[in-house]
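# Architecture at a glance
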Amino acid sequence: MGRILTVASQKGGVGKTTTALNLGYTLARLGHSVLLVDADPQGGIAIASNLKKKTDVGLVNLLRGEVSAEDVAVTTKDGSMSIVGSGVMTPADTVCIEDAARDGQLQLAIQGICGGYDYVFLDAPAGVGGIVTSLLTVSDGVILMLRCRSLVLKSLPIFLKLLREVRFQHNPALQLEGALVTMWQGDNELERQTLKELAQSVPEALFFRTVIPEDDNFEHASIKAVPVILLPGGRETARPYLELAMELKERELLRGIGGDADEQTDGLF
Ligand SMILES: Nc1ncnc2c1ncn2[C@@H]1O[C@H](COP(=O)(O)OP(=O)(O)OP(=O)(O)O)[C@@H](O)[C@H]1O
Ligand SMILES: [Mg+2]
């Protein structure tokens, strides 16, 4: 059974969709089977990947029984990964997803499409609303996106509280995979100061070592609707996502190996 990871943030526009697309694509190129699910009624992944050129159906049509779980995913042209769009076009569609989150149908629909993949990335809408809560309920882990701006110090505790609530009420196994600093401007004194304050208020292990720098290439890639590595000159920009993929795997490995010390030292054979 693969892992379901929600990419979430308290604030909007901090690189959730970019991370789901670029991290997902990196893991796919490393040989993993990957599904991206656009669970944002604003259609982040669907737009960022040009999915709408190929299909208009998605989660909302699955919820309405207009498409089956087998037929809702679309494979990328290069065959590297699959994507399920939100399928949302009208305000009524948004309400449909929100209602489904409330009555548990969204969770069931997502569980129904996740089988057979090594990694499933759920691209969440910003905030701590009902859809995000539903996504966390069916996830193994969450990647929390942070931009080092002053408000992050206020918003982080709100998100951590939601995680505690979801763990307590619905999903005790939910892991905080890590907080990921993005759009990092290393030469901005205010950002450096904010990161320092963040590091003092939350345990260091909570953060991915990898930081995604601010780079206009991400914007260009969004316009072209491709992972940034596919842009001419995009390889260097994409490198932090390769590092992030490696770090994710390192964390999984270390978690898997942890356990009873006596057992560990008993010999491998
Ligand atoms: N590291 C980066 N440097 C510069 N621009 C970036 C970076 N990451 C993402 N962007 C750009 O910032 C914009 C917002 O990113 P993205 O859509 O991934 O954020 P989001 O958190 O999914 O937003 P929303 O909350 O609206 O869903 C996009 O135009 C994207 O190309
Ligand atoms: Mg988004």
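A brief report on the enclosed structure follows. Bear in mind the structure is a predicted one, so any value in this text is a computation, not a measurement.

### Section: the overall build of the protein chain
Check the secondary structure of the protein chain and you find 11 helices and eight strands. Scaling as 2.2 N^0.38, a compact globule of 269 residues should have a C-alpha radius of gyration of about 18 Å, and the protein chain matches this with 18 Å. Along the first, second and third principal axes, the C-alpha set of the protein chain runs to 50 × 45 × 40 Å. Counting across all 269 residues of the protein chain, residues that qualify as buried make up 42%. Counted over contacts in the protein chain with a minimum sequence separation of 6, partners at least 24 positions apart contribute 78%.

### Digging into the site of ligand 1
Close contacts around ligand 1 come from 19 residues, with Gly-12, Lys-16, Thr-17, Thr-18 and Ser-222 the closest. Put simply, the parts of the chain that give the shell around ligand 1 at least two residues each are helix H1 (16-29), strand E7 (175-184) and helix H9 (216-224). By residue class, the composition of the shell around ligand 1 is five nonpolar, nine polar and five charged.

### Let's talk about the sheet that holds strand E8 (residues 207-213)
Sheet strands pair via backbone hydrogen bonds, and the direction of the pair is either parallel or antiparallel. Read from one edge to the other, the open sheet built from eight strands follows the order E3-E4-E2-E5-E1-E6-E7-E8, with strand pairing classed as mixed. Strand pairing shows two members of the sheet lacking a second neighbour, strand E3 (74-75) and E8, which therefore form its edges. As judged from the six bridges shared by strand E6 (residues 141-146) and E7, these two strands associate in the parallel manner. Residue pairing in the sheet places Leu-144 in a bridge with Ala-179 of E7. Sheet strands touched by H1: strand E1 (3-8), strand E2 (34-38), strand E5 (119-123), E6 and E7. Its angle to E5, the strand with the most contacts, is close to 170°. Relative to the sheet, helix H10 (residues 235-257) contacts E7 and E8, its axis offset from that of E8 by approximately 170°.

### A closer look at the nonpolar core
In this structure, Leu-35, Leu-36, Ile-97, Phe-121, Leu-122 and Leu-180 are the most contacted members of the largest nonpolar core, which totals 75 residues. Sort the elements by how many residues they give to this core and H1 lands first, with six residues.

### So, the packing of helix H4 (residues 91-103) against helix H6 (residues 130-137)
Axis separation between H4 and H6 bottoms out at 8 Å; the angle between their running directions is 50°. The orientation of H4 with respect to H6, classified from their angle, is oblique. You can see that H4 and H6 cross each other, and the crossing is left-handed. Contact residues: H4 offers Ile-97, Glu-98, Ala-101 and Arg-102, while H6 offers Gly-130, Ile-131 and Ser-134.

### Overview of the environment of His-220
For His-220, the location among the structural elements is in helix H9. Exposure remark for His-220: the 16 C-beta atoms within 10 Å place this residue in the partly exposed category. Sequence separation of His-220 and Ala-92 is 128 residues, and the distance between their C-alpha atoms is 32 Å.

### Comments concerning the environment of Ile-158
You can see Ile-158 is positioned in helix H7 (residues 152-169). For Ile-158, a count of 11 C-beta atoms within 10 Å corresponds to the exposed category. Each C-alpha atom of the pair Ile-158 and Cys-96 lies 26 Å from the other, and the pair is 62 residues apart in sequence. When neighbours within four sequence positions are excluded, Ile-158 is seen to be in contact with Gln-10 and Val-128.

### Focus on the pairing of E8
By the bridge criterion, three bridges tie E7 to E8 in an arrangement that is parallel. By the bridge assignment, Val-181 is partnered in E8 with Val-211.

### Thoughts on unusual backbone geometry
In this structure, Met-183 takes a positive phi of about 50° despite not being glycine. Along the polypeptide, Met-183 turns up in strand E7. Among the residues examined, Met-183 registers 20 C-beta atoms within 10 Å and is labelled buried. Phi at Ala-225 takes a positive value of approximately 60°, unusual for a residue other than glycine. Looking at the element boundaries, Ala-225 is found in the loop between H9 and H10.

### As for the pairing of E5
Most of E5 is tucked away: five of the five residues are buried. By the alternation rule, side chains of E5 split into Tyr-119, Phe-121 and Asp-123 and Val-120 and Leu-122, which are all buried. In the sheet, E1 pairs with E5 via five bridges, with the strands oriented parallel. Bridge pairing links Val-7 to Asp-123 in E5. Alignment of E2 against E5, held across five bridges, turns out to be parallel.

Quick notes on the rules
Residues numbered from 1 in each chain as written. Chains lettered and ligands numbered in written order. Predicted model: local features only at pLDDT ≥ 70, side-chain atom pairs only at ≥ 80, totals over all residues. Helix = DSSP H or I, 4+ residues; strand = E, 2+ residues; numbered from the N terminus. Rg over C-alpha atoms; globule rule 2.2 N^0.38 Å. Buried ≥ 20, exposed ≤ 12 C-beta atoms within 10 Å, placed from the backbone. Contact = placed C-beta atoms within 7 Å. Near = placed C-beta within 6 Å. Nonpolar A, V, L, I, M, F, W, Y, C, P; charged D, E, K, R; others polar. Pairing = 2+ DSSP bridges. Axes fitted to C-alpha atoms, helices over the stretch in contact; angles between N-to-C directions. Core = buried A, V, L, I, M, F, W, Y, C linked by C-beta atoms within 7 Å. Parallel < 35°, antiparallel > 145°, perpendicular 65-115°, else oblique. Left-handed = near helix turned anticlockwise from the far one by under 90°.

Take it as geometry only, folks, not as evidence of what the structure does.
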